[in-house]
Amino acid sequence: MVWIPDGEFAMGSDRHYPEEAPVHRVRVDGFWIDETPITNAQFRAFVEATGYVTWAEIPPDPKDYPGAQPHMLKAGSVVFAPPARPVDLRGPPQWWDFRFGADWRHPYGPGSGIDGLDDHPVVQVAYQDVLAYAAWAGKAVPTEAEWEFAARGGLDGAEFAWGDEFTPGGRHMANTWQGRFPHENLNLDGYPRTSPVRAFPANGYGLHDMIGNVWEWTADFWSSRHPPAAGKACCVAQNPRGAAEQDSLDPAQPQIRIPRRVVKGGSHLCAPNYCRRYRPAARHAQPVDTSMSHIGFRCVVRGGGAPVSSQA
């Protein structure tokens, strides 16, 4: 883990998506954070030690999904399935597919696997799975403020985790999408899907993959905007913890009462023509019950003492 000293920074952005605004000053106490996302090897160690079964491996309870078709209530998860031709970018179901049998060991469904991918980030983990791993490892899930502060690497206000130029000197600094999403992936960075967690340069704090590769869960419930900026220096938010659970529910699906958490950092599917969320300020809502083939996580330990866990 890497120690992040306490500090104050400008959280959010007024230049991109509305949910990132407004920019506001935030203070966070010092904390330890994993140098990389949790890998397949680390998650396997957890499962082997505990016998844990992930959310994607358990058939859904019909009472949680009123109106769902019975044949869909089987264990599985959501997988990116690129179309063969250009599609309307307002229709994500055209490139997402719920596949029975998709889970962390089979991230793209039956027939897929993670052999040879020990150093890739684990995916297909729902929020409950993240909490279980963190508890076993003696750690916690980072808040959105902690995560964003760490991702900035000391570059307060910079566009990206490494500065203001996306590919400085033509060098790819993170695993993102090159080409026209979702049908054309040019793989100019060398990775069509996930990449090893140290394949790209670390940020100023020595952290890898804070941007790109996989989205990462945070502990905060989703809000459609940040709170307004404090008018006085004395009132800067200290260790903010996000919205209320009730406010995180999806108003477009009032019959489904599934809370949503904030995920951060973008993924290998973020592209200039669709999802410019490969930035520290970027944020997205994720239902706590939904695992996907491009979402992973890392953990924190709060307080000044060195982490005592040697499990992860």
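So, here's what we can say about the structure.

Cut-offs and rules
Residues numbered from 1 in each chain as written. Predicted model: local features only at pLDDT ≥ 70, side-chain atom pairs only at ≥ 80, totals over all residues. Heavy atoms only, no water. Buried < 20%, exposed > 50% of the residue type's maximum accessible area, 1.4 Å probe, protein only. Helix = DSSP H or I, 4+ residues; strand = E, 2+ residues; numbered from the N terminus. Pairing = 2+ DSSP bridges. Contact = heavy atoms within 4.5 Å. Polar contact = N/O pair within 3.5 Å; in protein donor to acceptor, adjacent residues only side chain to side chain. 1 Å grid on protein atoms, 1.4 Å probe; cavity = no way out; pocket = protein on both sides within 12 Å on 5 of 7 lines; lining within 4 Å. Points joined across faces, edges and corners; volume = space filled by probe spheres on them. Nonpolar A, V, L, I, M, F, W, Y, C, P; charged D, E, K, R; others polar. Axes fitted to C-alpha atoms, helices over the stretch in contact; angles between N-to-C directions.

1. What about the pairing of strand 5 (residues 76-80)?
Most of strand 5 sits inside the fold, with 5 of its 5 residues counted as buried. Both strand 5 and strand 6 (residues 96-100) contribute to a ladder of 5 bridges, which runs antiparallel. Note on strand 6: the bridge partner recorded for Phe80 is Trp96.

2. Brief notes about the environment of Asp29
With respect to the helices and strands, Asp29 occurs in the loop between strand 3 (24-28) and strand 4 (31-33). Through-space distance from the C-alpha of Asp29 to that of Arg302 is 8.1 Å; in sequence the pair is 273 residues apart. Once residues within four sequence positions are removed from consideration, Asp29 is found in contact with Asp6, Gln238 and Asn239. Among the polar contacts made by the side chain of Asp29, one reaches the side chain of Gln238 at a distance of 2.9 Å.

3. Considering empty space enclosed by the protein
Under the defined criterion, the tally for this structure stands at 1 cavity of 30 Å³ or more. Reported here for the largest cavity is a volume of approximately 100 Å³. What lines the largest cavity is a set of 13 residues, among which Trp162, Met173, Pro201, Ala202 and Asn203 lie closest to the centre. In the lining of the largest cavity, the residues fall into 10 nonpolar, 2 polar and 1 charged.

4. Let's talk about the sheet that holds strand 1 (residues 2-4)
Taken in spatial order, the 3 strands make up an open sheet running 1-4-12, and their pairing is antiparallel. At either end of the open sheet lies a strand with only one pairing partner, and these are strand 1 and strand 12 (300-302). Ignoring strand direction, the axes of neighbouring strands in this sheet form an average angle of 25°. Where strand 1 and strand 4 come together, 3 bridges link them in antiparallel fashion. Across the sheet, the residue bridging to Trp3 is Trp32, located in strand 4.

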